[in-house]
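Tertiary structure, described
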Amino acid sequence: MTWVTGGILTNPATDAIIVDTGAYVGGQTAVTCVIASTVAAIIILEYRNAANTLNLNSQAIIIPANTTFDLTVPGVSLNVNERFRARLFAGITGSLQASLFYF
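Definitions and cut-offs
- Residues numbered from 1 in each chain as written.
- Predicted model: local features only at pLDDT ≥ 70, side-chain atom pairs only at ≥ 80, totals over all residues.
- Heavy atoms only, no water.
- Buried < 20%, exposed > 50% of the residue type's maximum accessible area, 1.4 Å probe, protein only.
- Helix = DSSP H or I, 4+ residues; strand = E, 2+ residues; numbered from the N terminus.
- Pairing = 2+ DSSP bridges.
- Phe/Tyr/Trp six-rings, centres within 6.5 Å; stacked < 30°, edge-to-face > 60°.
- Salt bridge = Lys/Arg side-chain N within 4 Å of Asp/Glu carboxyl O.

This brings us to the pairing of strand 5 (residues 41-48). For a regular strand, the rule is simple: side chains alternate between the two faces of the sheet. Of all eight residues making up strand 5, seven are buried, and the element is well covered by its neighbours. As judged from the eight bridges shared by strand 5 and strand 6 (residues 55-63), these two strands associate in the antiparallel manner. When the sheet's bridge partners are listed, Glu46 is paired in strand 6 with Ser58. Between strand 5 and the antiparallel strand that follows it, strand 6, lie six residues; Asn52 among them carries a positive phi value of about 60°. Judged from the six bridges that link them, strand 5 and strand 8 (residues 83-88) form a sheet pairing that is antiparallel.

This is the structure in structure tokens:
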């Protein structure tokens, strides 16, 4: 299992990349995104192409204040250099942390 996190972020701006797996070696995986926030936030989980220039798929995740949320995407086949990342939809005044776990 690989665990990546952007750490605890305070007052992150709109479109901040809060966690990124980096380029994946390719193959079958499952990805779990865990997000904790002190304020309400909207996170976009993005599945990115190998050039990291566009989203192949994305999912909005609405996080209520003082909540931890997790979402698992099972059985994903990634090509070499594709990646997952989480992006903050709108800036917040507060703290949040996101982690991505994959196998």
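All told, the structure shown has three aromatic pairs when counted by the stated rule. A ring pair is formed by Trp3 and Phe101, whose centres lie 4.9 Å apart and whose planes are at 35°; its orientation type is tilted. Here Phe101 lies in strand 9 (residues 95-102) and Trp3 lies in strand 1 (residues 2-5), a separation of 98 residues in the sequence. With 5.2 Å between their ring centres and 15° between their planes, Tyr47 and Phe84 make a pair best called stacked. Of this pair, Tyr47 sits in strand 5 while Phe84 sits in strand 8, and the two are 37 residues apart along the sequence.

Inspection of every chain in the model, using the stated rule, returns four salt bridges. Its salt-bridge partner being Arg83, residue Asp20 comes within 3.0 Å of it at the nearest N-O pair. Taken together, the residues Asp20 in strand 3 (residues 17-20) and Arg83 in strand 8 connect sequence positions 63 residues apart. Overall, Asp20 belongs to the partly exposed group, its relative accessible area being 26%. Residue Arg83 is classed as buried on the basis of its relative accessible area, which comes to 14%. In the salt-bridge network here, residues are joined through shared partners; they are Asp15, Glu46, Arg85 and Arg87.

Purely geometric stuff here, so don't read any function into it on its own.
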